[in-house]
Amino acid sequence: MNLWKSNKHSNLLQIKIIEMEGKYMVPCGKNGFKVKKDDTYVPIKNLEEFSFNIDSNIETTYLYDLQGFQRALKTGLGFTLDCSCKREFSDPGQESIMSTAYVLGEEANREFKIEWADGSSIEFTGVVAVSSLGGGAVTDIMTLEFSVTVDGLITETPSAGE
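Small disclaimer: the values here were computed from a predicted structure and weren't measured.

**Observations regarding the side chain of Asn 109**
Among the secondary structure elements, Asn 109 is positioned in strand β8 (residues 109-115). Those residues in contact with Asn 109 that lie beyond four places of it in its chain are Thr 125, Gly 126, Val 127 and Asp 151.

**What to know about the pattern of salt bridges**
Taken as a whole and judged by the stated rule, the model has four salt bridges. Put simply, Lys 113 and Glu 115 hold a salt bridge, and the shortest N to O gap is 3.8 Å. Note on Lys 113: relative accessible area 18%, which makes it buried. Counted as one network, the salt bridges with shared partners bring together Lys 34, Lys 113 and Glu 115.

**Remarks on the nonpolar core**
Grouped together as the largest cluster of nonpolar side chains are 22 residues, with contacts concentrated most on Phe 33, Leu 81, Ile 97, Phe 112, Ile 114, Phe 124 and Phe 146. Those elements that place two or more of their residues in this core are β4 (32-37), β7 (70-86), α1 (92-98), β8, β9 (121-132) and β10 (143-150). The residues contacting Phe 146, other than those within four sequence positions of it, are Phe 33, Ile 44, Leu 81, Asp 82, Cys 83, Cys 85, Ile 97, Val 128, Ala 129, Val 130 and Ser 131.

What counts as what
- Residues numbered from 1 in each chain as written.
- Predicted model: local features only at pLDDT ≥ 70, side-chain atom pairs only at ≥ 80, totals over all residues.
- Heavy atoms only, no water.
- Helix = DSSP H or I, 4+ residues; strand = E, 2+ residues; numbered from the N terminus.
- Contact = heavy atoms within 4.5 Å.
- Salt bridge = Lys/Arg side-chain N within 4 Å of Asp/Glu carboxyl O.
- Buried < 20%, exposed > 50% of the residue type's maximum accessible area, 1.4 Å probe, protein only.
- Core = buried A, V, L, I, M, F, W, Y, C linked by side-chain atoms within 4.5 Å.

The following block contains the structure:
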């Protein structure tokens, strides 16, 4: 079963490598993370970091015909993003995230888009869990921290060069 809807054949979560000055690097700052608000994807301002985590379910079995050696098969796949930003009350992206802080059920779902540095992108529905609304020392800048658990399939759009 293919868990990715794609316009072209693609490998599951290809690592996006960009050649810069003869060296290979993945420039995180060139990636974009957006949330859908009123049918338009808007950036989440002051985003300091986000990590895209892959959770795989691997089932194993030990078989007589393999003399007791293990066989393994990936039977499930999940994705989670952990995000941290400085709070900006006038930002529509942050306000969309904040509106999920005190709700339950599908009211906490949002549509997201990640634009990778190579020009490809993925879109998905995610369940938002706000974990920090700020606080700290008097001289600290308020933070907004949240996680997004992907709910369902991810749609990939390849870069124009693929």
